[in-house]
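The residues making up each chain are set out below.
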Amino acid sequence: MRQRILTGVVAGALFVGLAIVGGWAYMAMILLLAVIGYAEFARMIGYAWHHPAALAGFAGLLLLVFPWSQAGLSAPDPLVSLWLLMFVLLSITVVTRNRVAVDQAALLLLGSLYIGIGFSAMIAVRELEPHGLFYTALAFGCIWSSDIGAYFTGRAFGKHKLWPAISPNKTIEGALGGILLAVAVALVCALAAPAWIGLGKALLIGLIAAVAGQLGDLIQSAYKRVKGIKDTGNLLPGHGGVLDRCDSWLIVFPILTLTGLL
């Protein structure tokens, strides 16, 4: 626990600092997290980062997550990018005579979509004008408070398992505690900056961040259980890999942007 807390404080301080700075400092961090996260995803499928199929996935990932507009370039069409990635990956199954099987190619495509759109949405929210930093803090505040509330409420009052087949330690009581704390944080943000966000919208964001964030956690837990692993990586001592820490983010931010809430 001591190592987990120390790592969380140091990594959290670095992340928050770069988020406040914004611009290319923040975007470079997000790009790095996306690349490391995809390397973890490819490794879970059984491919090293330098395998040709994994490299194709990296290319598709970068087409989605790279901040083209901030670089003064026109962004490639996402649908075209995904089709080209699909075509390249399916071609690799032919060239390798099925040493790269079609189901593995499909998983690599899924990873590019899952990780690429997730991290791209984080950049998009931070770049919103004129209050991108506030909206970023609101979203992350709700996600992190949901995690904290679920953990401590579950330890104190948890009796009924939420989804034991996927994550045996999570409880219904913990999930509800996480939702309540996330909504409370959203309420505080709305009261602190009423000119920037309405109360109803903030509360909806808090609710969605908590529910979708917990679902994102379960999604990653389900995949790790299928692969028979505990952590996606060991980048963060006591916390695991990028996908272990960012699983909630990868679901919450796209939902908040696709729905127009952020």
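This text follows the structure it describes.
Since we're looking at a predicted model, the values are computed, not measured. Residue numbers run consecutively from 1 along every chain, following the written order of its sequence. This being a predicted model, a pLDDT of at least 70 is required before a residue's local features are given, and a value of 80 or more before pairs of side-chain atoms are given or counted; all residues contribute to the totals for chains, interfaces and linings. As a rule here, side-chain values come from all non-hydrogen atoms in the structure, and water together with hydrogens is ignored.

Draft legend 1. Main features of the nonpolar core. Think of a nonpolar core as a cluster: buried Ala, Val, Leu, Ile, Met, Phe, Trp, Tyr and Cys residues, connected wherever their side-chain atoms sit within 4.5 Å. Whether a residue is buried, partly exposed or exposed follows from its accessible area with a 1.4 Å probe, protein chains only, as a fraction of its type maximum: under 20%, in between, or over 50%, in that order. Counting 66 residues, the largest nonpolar core has Ile115, Phe119, Met122, Trp249 and Phe253 as its most contacted members. Secondary structure is summarised from DSSP: a helix means a run of H or I of at least four residues, a strand means a run of E of at least two, and numbering begins at the N terminus for each. With 13 residues, helix H2 (residues 23-45) is the single largest residue contributor to this core. Residues count as neighbours in contact if any of their non-hydrogen atoms are within 4.5 Å of one another. Setting aside residues no more than four positions away along its own chain, phenylalanine 119 makes contact with Ile30, Leu33, Ala34, Val65, Val242, Cys246 and Leu250.

Draft legend 2. Structural detail: the packing of aromatic side chains. Pairing of aromatic rings covers Phe, Tyr and Trp, the last counted by its six-membered ring, and requires centre-to-centre distances within 6.5 Å; plane angles under 30 degrees mean stacked, over 60 mean edge-to-face, and any other angle means tilted. As enumerated under the stated definition, the model contains 17 aromatic pairs in all. Centre to centre, the rings of phenylalanine 15 and tyrosine 26 are 6.2 Å apart; their planes meet at 75°, and the pair counts as edge-to-face. Of this pair, phenylalanine 15 sits in helix H1 (residues 2-21) while tyrosine 26 sits in helix H2; the two residues are 11 residues apart in sequence, bridging distant segments of the chain. The pair phenylalanine 15 / tyrosine 26 is uniform in exposure class, with both members buried. When the centroid spacing of 4.8 Å and the interplanar angle of 50° are considered together, the rings of phenylalanine 140 and phenylalanine 253 count as tilted. Here phenylalanine 140, found in helix H6 (residues 132-157), pairs with phenylalanine 253, found in helix H10 (residues 249-258); they are 113 residues apart in sequence, far enough to count as distant. Here phenylalanine 140 falls in the buried class, since its relative accessible area comes to 3%.

Draft legend 3. Examining the pairing of strand E2 (residues 167-171) more closely. Pairing between strands is defined by DSSP: at least two bridges between the two strands are required. In terms of strand pairing, strand E1 (residues 161-163) meets E2 through 2 bridges, oriented antiparallel. Directly across from tryptophan 163, in E2, lies its bridge partner serine 167. Between the end of E1 and the start of E2, which pair antiparallel, lie 3 residues.

Draft legend 4. Looking closely at the packing of H6 against helix H7 (residues 172-192). Between N-to-C directions, angles span 0 to 180 degrees; the directions come from axes that are lines fitted to C-alpha atoms, helices contributing only their stretch in contact. The contact between H6 and H7 brings their axes to 6 Å, and the two run at 145°. The handedness of the crossing between H6 and H7 comes out as right-handed. For the pair H6 and H7, contact is made by Phe134, Leu138, Gly141, Cys142, Ser145, Ser146, Ile148, Gly149, Ala150, Thr153, Gly154 and Phe157 and by Glu173, Gly174, Gly177, Gly178, Leu181, Ala182, Val185, Ala186 and Cys189, respectively. Basically, the charged four are Asp, Glu, Lys and Arg, the nonpolar ten are Ala, Val, Leu, Ile, Met, Phe, Trp, Tyr, Cys and Pro, and anything else, Gly included, counts as polar. The residue inventory of the contact of H6 with H7, partitioned by class, reads 11 nonpolar, 9 polar and 1 charged. Handedness of each helix crossing follows the sense of rotation of the near helix against the far helix: counterclockwise by less than a right angle gives left-handed, clockwise gives right-handed.

Draft legend 5. Representation of unusual backbone geometry within the structure. Here the amide bond leading from glutamate 129 into proline 130 is cis, since omega sits at 0°, within 30 degrees of zero. Summarising the element assignment, proline 130 is placed in the loop between helix H5 (102-126) and H6. Of note, the phi angle at arginine 97 is positive, near 55°, even though the residue is not glycine. Examined against the element boundaries, arginine 97 turns out to sit in the loop between helix H4 (78-95) and H5. Accessibility expressed as a relative area gives 74% for arginine 97, which makes it exposed. The phi dihedral of asparagine 98 falls on the positive side, at around 70°, and the residue is not glycine. Mapping asparagine 98 onto the fold places it in the loop between H4 and H5. What makes asparagine 98 exposed here is its relative accessible area of 57%.

Draft legend 6. Highlighting the environment of alanine 42. Along the polypeptide, alanine 42 turns up in helix H2. Under the relative-accessibility criterion, alanine 42 is labelled buried at 0%. Residues alanine 42 and alanine 54 lie 12 residues apart in sequence; the distance between their C-alpha atoms is 6.3 Å. When residues no more than four places from it in sequence are discounted, the contact partners of alanine 42 are Tyr47, Ala54 and Leu108.

Draft legend 7. How the structure looks around the layout of surface pockets. Points on a 1 Å grid, built from protein atoms alone, make a cavity when a 1.4 Å probe fits but cannot get out and make a pocket when they are open with protein on both sides within 12 Å along at least 5 of 7 lines; residues with an atom within 4 Å of a point are the lining residues. Grid points are joined across faces, edges and corners, and a volume is the space filled by probe spheres set on the points. Considering only enclosed or pocket space, the second largest pocket measures out at about 290 Å³ in volume. As for the second largest pocket, its lining consists of 15 residues, of which Leu64, Phe66, Trp68, Ala75 and Ser120 are closest to the centre. Residue assignment for the lining of the second largest pocket shows that the elements contributing at least two residues are helix H3 (52-65) and H5. At 4 residues, the largest contribution of residues to the lining of the second largest pocket is made by H5.

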